[in-house]
Amino acid sequence: MQKDFKNKVVFSAAQPSGVLHLGNYLGAIKQWVELQNKHKCVFSIVDYHAMTVYQEPKKLREKILETAMIYLAAGINPEKSTIFIQSDVSEHTELAWILNTIAKIPELELMTQFKDKAKRFRSKVNVGLFNYPVLMAADILLYKTDFVPVGEDQKQHVELARTLARRFNNLYGDIFVVPQAIIRKEGARIMGLDDPLKKMSKSAKSPANYIALTDEPNLIKEKIKRAVTDSGKEVIYNKEKKPGISNLLEIYSLASGKTIKQLEKEYEGKNYGEFKKDVGEAVVGFLEPFQKDLKKLKENPDKVRKILQSGAEKAKLIAAKTMQEVKKAVGINY
Ligand code: TYM
């Protein structure tokens, strides 16, 4: 299916689990905000995904709403984009079932995120966690998505969505668009502040790993001050030799709009202490308008609920149409 540029569809999502952090913002949400001016954008809060690791029900309910507020405070505009909760549109799980029938077990066994989580939550590994990339493929394919803006860690999952789209189309006819991941060069993999060799993660044990989007300014500055850096004293970008400083440079660059080259120049001859202080201030400044809006939204949850409801209605219209086509193609509606 050929679409003109304005009609390209963008789909992306985040899980309402753990703590949404600066990596989620810089790696994904920041691009979403920019893309909504160019394309038809659909953004979901994927609660079924979050359930693949046990969530306390009351907390999950709160997190779902908070994640929606984070999208809005970051600048996702409900007049331009569709924002909805995954479980409000039942076609997601319906399509996931059909895609399950063409996904292969060894394919899913290759997924790095599954392998990582399976190691960490050994006693809790459930079938949902294994199966999760198929649900993610359903999320994407339902909307005939062209572009999927994500961080580096989701690349493999988008690849699987591409494989399943092609496989389905070969078996049953041309129903799905083969989607393409959009991964930024900078910010696609923000690393943990306490360990710059591992990505910043929602489920990290220590809060020193991440900057939560809701962290207070002083805490943000403190966390950056304490971030693990490398031996030596030069502020230069070299991911292999200086993973800690390189991570902070990436964060600083995205938060300030300055290029890494500019920053390297600015900090020639200066020490890590000065540099970290300024990174902290840049991040605080960058998050300030977002945090202000988030506070306001938290005072008006009903407004957010309404946005989600109307988003679900809009999403449902597209999802139901695709599901009809899928059912017809596979021979289960008559
Ligand atoms: P999730 O909720 O883990 O993360 C949301 C988005 O944030 C990106 N991200 C990062 N980017 C840079 N540095 C980091 N340290 C970092 N950590 C996370 C993720 O790549 C993601 O883009 N499976 C997805 C949610 C999902 C989805 C989808 C995404 C479900 N269905 C369909 C796109 C399309 C996930 O767990 O993201």
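Residues numbered from 1 in each chain as written. Predicted model: local features only at pLDDT ≥ 70, side-chain atom pairs only at ≥ 80, totals over all residues. Heavy atoms only, no water.

Q: Before we go on, may I ask you to explain the environment of Asn333 in this structure?
A: Checked against the element boundaries, Asn333 lands in the segment after α13 (301-330). Among residues more than four places away in sequence, those in contact with Asn333 are Gln324, Lys327 and Lys328. Here Gln324 takes part through its side chain, which lies 3.2 Å from a polar atom of the side chain of Asn333. (Helix = DSSP H or I, 4+ residues; strand = E, 2+ residues; numbered from the N terminus. Contact = heavy atoms within 4.5 Å. Polar contact = N/O pair within 3.5 Å; in protein donor to acceptor, adjacent residues only side chain to side chain.)

Q: Any chance you could explain the domain arrangement of the protein chain here in plain terms?
A: Reports often express the size of an interface as the amount of accessible area lost when the parts come together. By the assigned domains, the protein chain splits into domain 1 (5-183 + 301-330) and domain 2 (207-295). The interface of domain 1 with domain 2 comprises twelve residues on the first partner and 13 residues on the second. At the junction of domain 1 and domain 2, the tally comes to zero salt bridges. Here domain 1 is connected to domain 2 by two residue pairs in polar contact (both at pLDDT 80 or more). (Domains from an automatic or database assignment. Salt bridge = Lys/Arg side-chain N within 4 Å of Asp/Glu carboxyl O.)

Q: Could you clarify how one ought to interpret the nonpolar core in this entry?
A: Side chains of nonpolar character tend, in soluble globular proteins, to be buried together. Tyr71, Phe275, Val283, Leu287 and Phe290 are the most contacted members of the largest nonpolar core, which has 64 residues in total. At eleven residues, the largest contribution of residues to this core is made by helix α12 (residues 272-298). (Core = buried A, V, L, I, M, F, W, Y, C linked by side-chain atoms within 4.5 Å. Buried < 20%, exposed > 50% of the residue type's maximum accessible area, 1.4 Å probe, protein only.)

Q: I tried to follow the pairing of strand β3 (residues 81-85) on my own but got confused; where do I start?
A: Looking along a regular strand, one sees side chains alternate from face to face of the sheet. A large share of β3 lies buried, amounting to five of its five residues. Burial along β3 is two-sided: Ser81, Ile83 and Ile85 facing one way and Thr82 and Phe84 facing the other are all buried. The pairing of strand β2 (residues 40-45) with β3 spans five bridges and is parallel. Bridging across to β3, Cys41 finds its partner in Ser81. (Pairing = 2+ DSSP bridges.)

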